[in-house]
Amino acid sequence: MLYAFGASAIIVILSNTTQGTELFNKLQATDILFTTLGDLTEPFVLYALVPTLFFNLYHRVTGILKEILFFTLLALTVTSSVQLAGVLVVFVLLIVPAYLALLQSRFNPLGFAWIVGSSVIIVAMIASYHFDLPTGYTIVFVGSGCGIVGALVRGR
């Protein structure tokens, strides 16, 4: 989270300089606002199939087959997501909501993680729009910032 936070902070700070973003353009977070409808067709089909396969097969298999099924479906989903959003965005959206859900005990962890992940995306996209910031890096910055704040609050 600290790496993602620091890398996204650099991009956010340098985004309004003349050549600042070109220097850091290869840091693995794309500007997801420019994703076309055609780019979303394959992931849409994949994201519909993965949970269907998971919920229909996972409880029927045991042992190593269960692990192979889980990690194969995870690999397909993560690879597809990284192609669309970049590795930092995917990393933050996989780790931070789950991490924050595990830090708390008041709410259902899955529902809490969904709300946190959705909130991070919405807040980051609004900030990206209003401050003319790169969307992918803003999602990484807001998400990793929330994770760091959550860890610090929990640590107290």
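Here is a short report on the structure shown in this document. None of these values were measured; they are calculated from a predicted model. (Residues numbered from 1 in each chain as written. Predicted model: local features only at pLDDT ≥ 70, side-chain atom pairs only at ≥ 80, totals over all residues. Heavy atoms only, no water.)

**Brief notes about the overall build of the chain**
Within the chain, the secondary structure is distributed over seven helices and zero strands. Secondary structure elements of the chain occur, N-terminal to C-terminal, as α-α-α-α-α-α-α. Projected onto its principal axes, the C-alpha positions of the chain cover 55 × 45 × 25 Å. Buried residues in the chain amount to 33% of all 156 residues. (Helix = DSSP H or I, 4+ residues; strand = E, 2+ residues; numbered from the N terminus. Buried < 20%, exposed > 50% of the residue type's maximum accessible area, 1.4 Å probe, protein only.)

**Here we look at the nonpolar core**
A general feature of soluble globular proteins is that nonpolar side chains tend to end up buried together. Counting residues in hydrophobic clusters, the biggest one holds 18 residues, and the most contacted among them are A4, L88, V89, V92, L100 and V140. At the level of elements, α1 (2-14), α5 (87-103), α6 (109-131) and α7 (135-155) are the ones that each hand at least two residues to this core. It is α5 that contributes the most residues to this core, seven residues altogether. The contact partners of V92, leaving out residues within four places of it in the chain, are A4, P97, I139, V140, G143 and S144. (Core = buried A, V, L, I, M, F, W, Y, C linked by side-chain atoms within 4.5 Å. Contact = heavy atoms within 4.5 Å.)

**A word on a nonpolar patch on the surface**
A cluster of nonpolar side chains, F44, V45, L49, L53 and L57, forms an exposed patch at the surface whose accessible area comes to about 470 Å². If you trace the backbone, L49 turns up in helix α3 (residues 37-57). Judged by relative accessible area, which is 48%, L49 ranks as partly exposed. (Patch = residues over 30% accessible without salt bridge, like charges linked within 9 Å, V, L, I, M, F, W, Y side chains within 5 Å. Areas by Shrake-Rupley, 256 points an atom, 1.4 Å probe, with all protein chains shown as cover. Salt bridge = Lys/Arg side-chain N within 4 Å of Asp/Glu carboxyl O.)

**With respect to the environment of V116**
By the element assignment, V116 lies in helix α6. According to the relative accessible area criterion, V116 is buried, its value standing at 14%. Taking the C-alpha atoms as reference points, V116 and G143, 27 residues apart in sequence, are found 8.9 Å from one another. Leave out the neighbours within four places in its chain, and V116 touches P97 and L100.

**What about the packing of α3 against helix α4 (residues 63-85)?**
One way to put it is that α3 packs onto α4 with a least axis distance of 10 Å and a crossing angle of 165 degrees. It follows that α3 is roughly antiparallel to α4 by the angle criterion. The hand of the α3/α4 crossing is left-handed. Of α4, the residues touching α3 (which contributes D39, L40, P43, L46, Y47, V50, L53, F54 and L57) are L69, F70, L73, L76, T77, S80, S81 and L84. Classifying every residue of the contact of α3 with α4 by side-chain character gives 13 nonpolar, three polar and one charged. (Axes fitted to C-alpha atoms, helices over the stretch in contact; angles between N-to-C directions. Parallel < 35°, antiparallel > 145°, perpendicular 65-115°, else oblique. Left-handed = near helix turned anticlockwise from the far one by under 90°. Nonpolar A, V, L, I, M, F, W, Y, C, P; charged D, E, K, R; others polar.)

So yeah, pure geometry; function would need other evidence.
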